Amino acid sequence: MTLKDNAVIQYFRSCSPEELPTEYQDPNFELTRVRKEKKEFHGFAKYFFKILEVFDWYPAHYSWNEKVFLFKTDLCVLLFMAASFYTKYLDSANVSTAYVTGMKEELNLHGNELNIFSSVYQAPYAAFCLFLIFFVPNPKYTRYIMIVSELIWGICTFCASTVHNANQMYAVRFFIGFAEAVHFPASYFVMSSWYTPDELFKRAGFYNSMAAVGYATSGFIQSACERGLNGVMGKSSWRWQFI
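Bear in mind the structure is a predicted one, so any value in this text is a computation, not a measurement.

**Observations concerning the environment of Ala171**
In this structure, Ala171 sits in helix H6 (residues 166-180). Between the C-alpha atom of Ala171 and that of Cys159, which follows or precedes it by 12 residues, the distance is 10.0 Å.

Here you go:
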């Protein structure tokens with residue numbers, strides 16, 4: 001391996017535990033990780049309780065400190081990731097619902113513009129996803145890359161409510177795809193850094209379910225905007241949906 005190759009690896013590599021920040025550690029805190037003995041079942045009961053384990057997010061054999069820590073991690077990590085994932089799919093569905101509730105007429109769309117909206121979003125998403133993921137394993141970038149991408153994504157989503165023609169929407173959808181590219185792989189990297197495999201698969205299911213929730217609620221939100229916000233401050237209901 002050449003010196004140049006080694007420098008590239010060192011630049012992108014993850015920090016070792018000894019290099020992680022220690023300023024938030026409490027040296028006087030006594031961590032109790034003594035677990036209770038896990039019950040073993042046989043026969044039909046073994047498979048029955050295996051199914052129930054999917055819904056047991058805080059196993060009884062965990063120590064008290066582990067349960068508290070796991071609950072705090074769910075509040076700080078999982079809920080943020082799930083809410084962010086929900087808004088991504090809500091935004092994707094909003095384009096289609098907005099198209100049939102006034103956007104088509106206001107932007108004078110008459111051909112394949114709706115399909116092109118999807119294409120100009122997917123192209124940067126696929127291209128930059130492979131590039132940005134190299135920065136995620138390094139803590140120097142992880143702590144900033146998701147926050148910055150969320151900020152850019154939010155600004156671009158608001159901008160979608162101000163467009164006046166198809167070309168402006170193309171530009172907005174392009175930058176939304178760019179900002180959203182890092183979210184899915186980075187979310188799994190962050191969650192896998194905090195959870196054990198037995199804890200992760202349960203929370204991954206909850207995280208992925210937010211995609212279906214986003215699609216399911218888009219129509220309800222648009223209906224509410226149509227009833228209560230159409231014409232408010234001179235904006236059509238479909239524009240309020242992006243806001």
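From this point, things continue past the structure.
**Points about the side chain of Ser161**
Tracing the backbone shows Ser161 in the loop between helix H5 (139-159) and H6. Setting aside chain neighbours within four positions, we find Ser161 in contact with Lys235, Arg239, Phe242 and Ile243.

**Thoughts on a nonpolar patch on the surface**
The grouping of Phe71, Leu75 and Leu79 at the surface amounts to a nonpolar patch, some 280 Å² of accessible area in total. Taking relative accessible area as the criterion, Phe71 reaches 44% and is therefore assigned partly exposed.

**Re helix H8 (residues 197-228)**
Between its first and last C-alpha atoms H8 spans 45 Å; for 32 residues at 1.5 Å apiece the expected length is 46 Å, and the two agree. Of all the bends in H8, the greatest measures close to 30° and is centred on Thr217. All buried positions along H8 are accounted for by Glu199, Leu200, Lys202, Arg203, Ala204, Tyr207, Met210, Ala211, Gly214, Ser218, Gln222 and Cys225.

**Observations concerning the pattern of salt bridges**
Applying the stated criterion across every chain yields a total of 4 salt bridges. The partner of Glu150 in a salt bridge is Lys88, and the shortest N-O contact between them spans 2.9 Å. Of this pair, Glu150 sits in helix H5 while Lys88 is found in helix H3 (residues 64-106), placing the two residues 62 residues apart along the sequence. The two residues Glu150 and Lys88 agree in class, both being buried. Note that Arg239 is salt-bridged to Glu106, the shortest N-O span being 3.2 Å. Taken together, the positions of Arg239 in helix H9 (residues 237-242) and Glu106 in helix H3 put the pair 133 residues apart, joining distant regions of the chain.

What counts, and where the lines are drawn
Along every chain, residues carry numbers that run from 1 in the direction the sequence is written. Reporting in this predicted model follows two pLDDT cut-offs: at least 70 for local features of residues, and 80 or more for side-chain atom pairs to be given and counted; totals over whole chains, interfaces and linings ignore these cut-offs and use all residues. Water and hydrogen atoms play no part in the side-chain values, which are based on all heavy atoms of the structure. Only DSSP runs of H or I covering at least 4 residues are called helices, and only runs of E covering at least 2 are called strands; the numbering of each starts at the N terminus. Residues count as neighbours in contact if any of their non-hydrogen atoms are within 4.5 Å of one another. Each patch is built from residues lacking any salt bridge and having more than 30% relative accessible area; the joining distance is 9 Å for like charges and 5 Å for nonpolar side chains (Val, Leu, Ile, Met, Phe, Trp, Tyr). To measure how exposed things are, a 1.4 Å probe is used in the Shrake-Rupley method; for residues, cover is taken only from the protein chains shown. Every case where a carboxyl oxygen of Asp or Glu lies within 4 Å of a side-chain nitrogen of Lys or Arg is listed as a salt bridge. Whether a residue is buried, partly exposed or exposed follows from its accessible area with a 1.4 Å probe, protein chains only, as a fraction of its type maximum: under 20%, in between, or over 50%, in that order. Expected helix span is taken as 1.5 Å per residue step, with the number of steps being one fewer than the number of residues. Each residue is assigned a bend, namely the angle between axes fitted to the seven residues that terminate at it and the seven residues that start at it.

The quantities given are spatial measurements derived from coordinates; they are silent on function.
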